Amino acid sequence: MSKHANNLNEIPFSVLDLSPITAGSTPADSFRHTLELAQLAEKLGYNRFWLAEHHNMPFIASSATSVVMSHVAAGTSKIRIGSGGIMLPNHAPLVIAEQFGTLESLYPGRIDLGLGRAPGTDQMTARALRRDLGRTGDDFPEQLAELRGYFDPSLAQGNPIKAIPGEGLNIPIWLLGSSGFSAQLAGELGLPFAFAAHFSPLNTLGALQIYRKAFKPSNVLDKPYAMVALNIITAESDKEAKRLFTTIQQQFLNLMTGNLTPLQPPVNDISEVASSYELKALEQQLGSSIVGSRQTVKDKLHTFLEESQADEIMAIAQVYDHKARLHSYELLAEIIKSER
């Protein structure tokens, strides 16, 4: 077992945020809360703060991801700000190069570009975004190569078009995935890889194995670097953490049934609103979630790190109450620091 799995303080912890829209609130509230969370994460010593692109989802406000990133970067001073991720098939690579070239020029040395190949939405909305009905994401490797060429002209393969700003800037590119495709591609290209265990837990260890096996050293990395996103909700007691977690469980129940709503308040027992079949489905989607008191979360994190050998953990806490969400990240930071 590698050294980093022994103590939680030996690897970085980061934050993934979706600018959640809760029942009775507005996107403006979400962006204010996102900035407050980012400022707290910076104060507590978290490594990165990433935002994700989703569309046509009433519980997520971060659809214009680059714009929200700029809002967060302007309100912080040192924490890295990134996309977790930009869904590249929804965009022309040149547009993303210019957007992130702009962000890196405004906030030098602080910007990460995480890329995914899923639409981040339903098929009808994907068609509205892409306009070209033939674009399915199958050309993701080609799109990625084009994008990388705008930052590094030596990779441009004769493309005369320049990204201004963008060209010549060193913006770390991450590949994001919930299966083996991006894991394989990230390994072959020698790029860092982030896995979405917060909604695809069954594929986690397999994808990490694929990435490490496929890895070829590059001018970016000399060895694999894998970050794993996990639902982590910490509270003063296991009972309270489980209650807070029912908001995420309800969110996934609503996704399954197509009943999309803003994030709902927690309930005392998820079995009150979910059938036995739905509970099994939730376990498949959310089985890697780490939920509990300080000691419970600490023990589960140790187990996960021993199994995954992750180089970094990115915590997401879709909690209805903003103060409880902030407190969850405070408690997690306490757990990490307690091992120093």
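Whatever comes next refers back to the structure up there.
Quantities reported herein were computed from a predicted structural model and do not represent experimental measurements. Throughout this document, residue positions are counted from 1 along each chain, in the order its sequence is written. Side-chain atom pairs in this predicted model are given and counted only at pLDDT of 80 or more, local residue features only at pLDDT of at least 70, and totals for whole chains, interfaces and linings cover all residues. Excluded from the side-chain calculation are hydrogens and water; included are all heavy atoms of the structure.

**Q** So, empty space enclosed by the protein: which residues are in play, and what are the values?
**A** Lining residues are defined by having an atom within 4 Å of a point belonging to a cavity or pocket. Those points lie on a 1 Å grid over the protein atoms alone, cavities being sets where a 1.4 Å probe fits but cannot get out and pockets being open sets with protein on both sides within 12 Å along at least five of seven lines. Grid points are joined across faces, edges and corners, and a volume is the space filled by probe spheres set on the points. This structure, assessed with the given rule, holds one cavity of 30 Å³ or more. The volume enclosed by the largest cavity comes to roughly 40 Å³. For this classification, Asp, Glu, Lys and Arg are treated as charged, while Ala, Val, Leu, Ile, Met, Phe, Trp, Tyr, Cys and Pro are nonpolar and the rest, including Gly, are polar. A class-by-class count of the residues in the lining of the largest cavity yields three nonpolar, six polar and no charged.

**Q** Tell me about the pattern of salt bridges, residues and numbers included.
**A** Close approach of charged atoms allows side chains with opposite charge to pair. By definition, a salt bridge exists where a carboxyl oxygen of Asp or Glu is found within 4 Å of a side-chain nitrogen of Lys or Arg. Here the structure, examined in full by the defined rule, presents nine salt bridges. Between Arg-325 and Asp-17 there is a salt bridge; the shortest N-O distance is 2.6 Å. Placement of Arg-325 in helix H11 (residues 322-337) and of Asp-17 in strand S1 (residues 13-17) is noted, with a sequence separation of 308 residues between them. Neither Arg-325 nor Asp-17 differs from the other in exposure class; each is buried. Its salt-bridge partner being Glu-236, residue Arg-294 comes within 3.0 Å of it at the nearest N-O pair. Note that Arg-294 is positioned in helix H10 (residues 294-308) and Glu-236 in the loop between strand S7 (226-234) and helix H8 (238-257), a separation of 58 residues in sequence. Note on Glu-236: relative accessible area 47%, which makes it partly exposed. Look at the salt bridges and you will find they share partners, linking Arg-48, Arg-80, Asp-112 and Glu-312 into a network. In this text, helices come from DSSP runs of H or I with a minimum length of four residues, and strands from runs of E with a minimum of two, each type numbered from the N-terminal end. Burial classes: relative accessible area under 20% of the type maximum marks a residue as buried, over 50% as exposed, and values in between as partly exposed (1.4 Å probe, protein chains only).

**Q** Outline the packing of H8 against helix H9 (residues 276-286), supporting the account with residue identities and numerical values.
**A** Working convention: axes come from line fits to C-alpha atoms, limited for helices to the stretch in contact. Angles between N-to-C directions cover 0 to 180 degrees. With their axes 10 Å apart at the nearest point, H8 and H9 run at an angle of 105° to one another. As summarised for this structure, H8 and H9 are arranged roughly perpendicular, according to the angle between their axes. Side by side, H8 and H9 meet where Phe-245, Ile-248, Gln-249, Phe-252, Leu-253, Met-256 and Thr-257 of the first sit next to Glu-278, Ala-281, Leu-282, Gln-285 and Leu-286 of the second. Partitioned by chemical class, the residues of the contact of H8 with H9 number eight nonpolar, three polar and one charged. For classification purposes, an angle smaller than 35 degrees is called roughly parallel, one larger than 145 roughly antiparallel, one from 65 to 115 roughly perpendicular, and anything else oblique. Only heavy atoms matter for contacts: two residues are in contact if any of them lie within 4.5 Å across the pair.

**Q** Provide a residue-level description of the pairing of strand S6 (residues 193-196), including the pertinent values.
**A** Burial along S6 is two-sided: Phe-193 and Phe-195 and Ala-194 and Ala-196, pointing in opposite directions, are all buried. In this description, strands pair whenever DSSP reports at least two bridges between them. By the bridge criterion, three bridges tie strand S5 (residues 173-177) to S6 in an arrangement that is parallel. Paired with Gly-177 across the strands is Phe-195, a residue of S6. Once you follow S5 into helix H6 (residues 180-189) and on to S6, the crossover reads as right-handed. Where S6 and S7 come together, four bridges link them in parallel fashion. What sits directly across from Ala-194, in S7, is Met-227. Seen with its strands pointing away from the viewer, a crossover is right-handed if its path from the first strand over the helix to the second goes clockwise.

**Q** Mind laying out the layout of surface pockets, listing which residues take part and the relevant values?
**A** Taken as a whole, the largest pocket encloses approximately 810 Å³ of empty space. His-54, Ser-178, Ala-196, His-198 and Phe-199 are, among the 41 residues lining the largest pocket, the residues nearest its centre. The set of elements that each furnish at least two residues to the lining of the largest pocket consists of strand S3 (80-87), S5, H6, S6, S7, H8 and strand S9 (312-316). In terms of residues, the lining of the largest pocket owes the most to one element, H8, which gives five residues. In the lining of the largest pocket, the residues fall into 24 nonpolar, 15 polar and two charged.

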